[in-house]
Amino acid sequence: MMKENICSIPINDVFLPKDGCPMCRMRDMLEWRKADYVTGSAMMEPNVRIKTNEQGFCYRHFAMMVRQGKRLSNALILESHLQQISETLVPEKPVGKPDKKRMAALEALLKDCFICRDIKDNMENMVRIVHAMWISEPEFRQLYAAQPYICLEHFYLLMTVDQKGLGKSLQAFYEETSRLTGGYLAELKNDVTHFCKMFDYRSANLSWGNSKNAIERSIEFLTGDPIVTEEIPDTEDAEEEFEQQ
């Protein structure tokens, strides 16, 4: 049995399903909790509202906050955020030429997000816990090795955050993580190539195999986010599309 404590429990929870990238599940869990917090108990906390007014949110997290279903909370957050922009960045009655400082501040705002900042810090802390568990718990090493893959973004995160903390285990951890990411990358390359091949009339009698959703899986691997599109066409439709190109 793996030893569990307040730090390891959420790590075990996201690694146990063995479905997709566990670090993506960890990020999703943290994002939803933060979106719920921002639109809930924190909405009326002055120190939080000051930060959300200044930093705003990216599209991904605005959408997540709306999906929480708390429309009044979102409206109140937007009300004060829009007011701050009006007062400090885009005046209703401008005078003179564009202000360079204001434009620089607006550029910074457009790249900022209250939740993104928090998730970045929390994910780095979670990576340190993953490292510590991988070093000290053989059962977790087995669970880690059983993951389907680690996406590209989180491969980078796992390999760059606090390398010194891994100590003598750095090489072994790198090799294991590279196996998970590199092995899935090779699978995706083969599936995408096979998908392309299926648009050749000479492939009319071949099976699609695992290539039908190769586009979606590749984008999820590259970006960390799933994508939903229309169903991939069958072979007959593929031949028709190929002929039209």
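This report concerns the structure included in the present document. Model, not experiment: these values are computed from the prediction.

**What to know about the layout of surface pockets**
Once rolled over the atoms, a probe with the size of a water molecule shows which space is left empty. Of the pockets and cavities examined, the largest pocket occupies roughly 280 Å³. In terms of lining, the largest pocket is formed by 14 residues, of which the most central are Arg27, Glu31, Ile119, Glu153 and His154. Here the lining of the largest pocket gets five residues from one element, more than from any other, and that element is helix α7 (residues 114-136). Classifying every residue of the lining of the largest pocket by side-chain character gives four nonpolar, three polar and seven charged.

**Some words on the pattern of salt bridges**
For the structure shown, the criterion picks out 15 salt bridges. Notably, a salt bridge pairs aspartate 112 with arginine 117, separated by 2.8 Å at the nearest N-O pair. Using a relative accessible area of 14% as the deciding quantity, one classes aspartate 112 as buried. Residue classification places arginine 117 among the partly exposed positions, given a relative accessible area of 45%.

**A few points about the packing of aromatic side chains**
Scanning all chains against the criterion turns up 14 aromatic pairs. For the ring pair phenylalanine 195 and tryptophan 208, a centre distance of 5.5 Å and an interplane angle of 50° mean the geometry is tilted. Taken together, the residues phenylalanine 195 in helix α11 (residues 170-197) and tryptophan 208 in the loop between α11 and α12 (214-223) connect sequence positions 13 residues apart. For phenylalanine 195, a relative accessible area of 9% puts it in the buried group. On the basis of relative accessible area, tryptophan 208 is assigned to the buried category, the value being 8%. Here a set of aromatic residues connected by ring pairs shows up, and it is made of Phe15, Trp134, Phe140, Tyr144 and Phe173.

**Some remarks on the side chain of arginine 49**
Position of arginine 49 relative to the elements: it lies in helix α3 (residues 46-55). At 5.7 Å, glutamate 79 is the nearest oppositely charged side chain to arginine 49, a buried residue that forms no salt bridge. At a separation of 2.9 Å, a polar atom in the side chain of arginine 49 contacts the main-chain carbonyl oxygen of methionine 43. When residues no more than four places from it in sequence are discounted, the contact partners of arginine 49 are Met43, Met44, Leu76, Ile77 and Ser80.

**Thoughts on the state of the cysteines**
In this structure the tally under the stated criterion is zero disulfides. Here cysteine 24 is not disulfide-linked; the sulfur of cysteine 151 is the nearest cysteine sulfur, at 3.7 Å. Residue cysteine 24 is classed as buried on the basis of its relative accessible area, which comes to 7%. As a non-bridged cysteine, cysteine 116 has cysteine 113 as the owner of its nearest cysteine sulfur, 3.6 Å distant.

**A few points about unusual backbone geometry**
Positioned with a positive phi, lysine 18 is a non-glycine residue whose angle comes to about 55°. Relative to the helices and strands, lysine 18 resides in the loop between α1 (8-15) and α2 (22-38). We classify lysine 18 as partly exposed; its relative accessible area is 43%. Located in the positive-phi region is aspartate 162, a residue other than glycine, with phi close to 50°. One can find aspartate 162 in the loop between α9 (152-160) and α10 (163-166).

**A word on α3**
Val48, Arg49, Thr52, Asn53 and Gln55 are the residues of α3 that are buried. Residues of α3 that are buried sit in contact with α2, α5 (71-88), α6 (100-110) and α7. With its phi angle positive at about 65°, glycine 56 sits one or two positions after the end of α3.

**Side note on the nonpolar core**
Ranked by size, the top nonpolar core spans 45 residues in total, and within it Ile11, Phe15, Met26, Ile115, Phe140 and Tyr144 carry the most contacts. Only α1, α2, α4 (59-67), α7, α8 (138-145), α9 and α11 provide two or more residues apiece to this core. Of the residues forming this core, the biggest block, ten residues, is contributed by α7.

Rules behind the numbers
- Residues numbered from 1 in each chain as written.
- Predicted model: local features only at pLDDT ≥ 70, side-chain atom pairs only at ≥ 80, totals over all residues.
- Heavy atoms only, no water.
- 1 Å grid on protein atoms, 1.4 Å probe; cavity = no way out; pocket = protein on both sides within 12 Å on 5 of 7 lines; lining within 4 Å.
- Points joined across faces, edges and corners; volume = space filled by probe spheres on them.
- Helix = DSSP H or I, 4+ residues; strand = E, 2+ residues; numbered from the N terminus.
- Nonpolar A, V, L, I, M, F, W, Y, C, P; charged D, E, K, R; others polar.
- Salt bridge = Lys/Arg side-chain N within 4 Å of Asp/Glu carboxyl O.
- Buried < 20%, exposed > 50% of the residue type's maximum accessible area, 1.4 Å probe, protein only.
- Phe/Tyr/Trp six-rings, centres within 6.5 Å; stacked < 30°, edge-to-face > 60°.
- Lys, Arg positive; Asp, Glu negative; His and termini not counted.
- Polar contact = N/O pair within 3.5 Å; in protein donor to acceptor, adjacent residues only side chain to side chain.
- Contact = heavy atoms within 4.5 Å.
- Disulfide = S-S within 2.5 Å.
- Core = buried A, V, L, I, M, F, W, Y, C linked by side-chain atoms within 4.5 Å.

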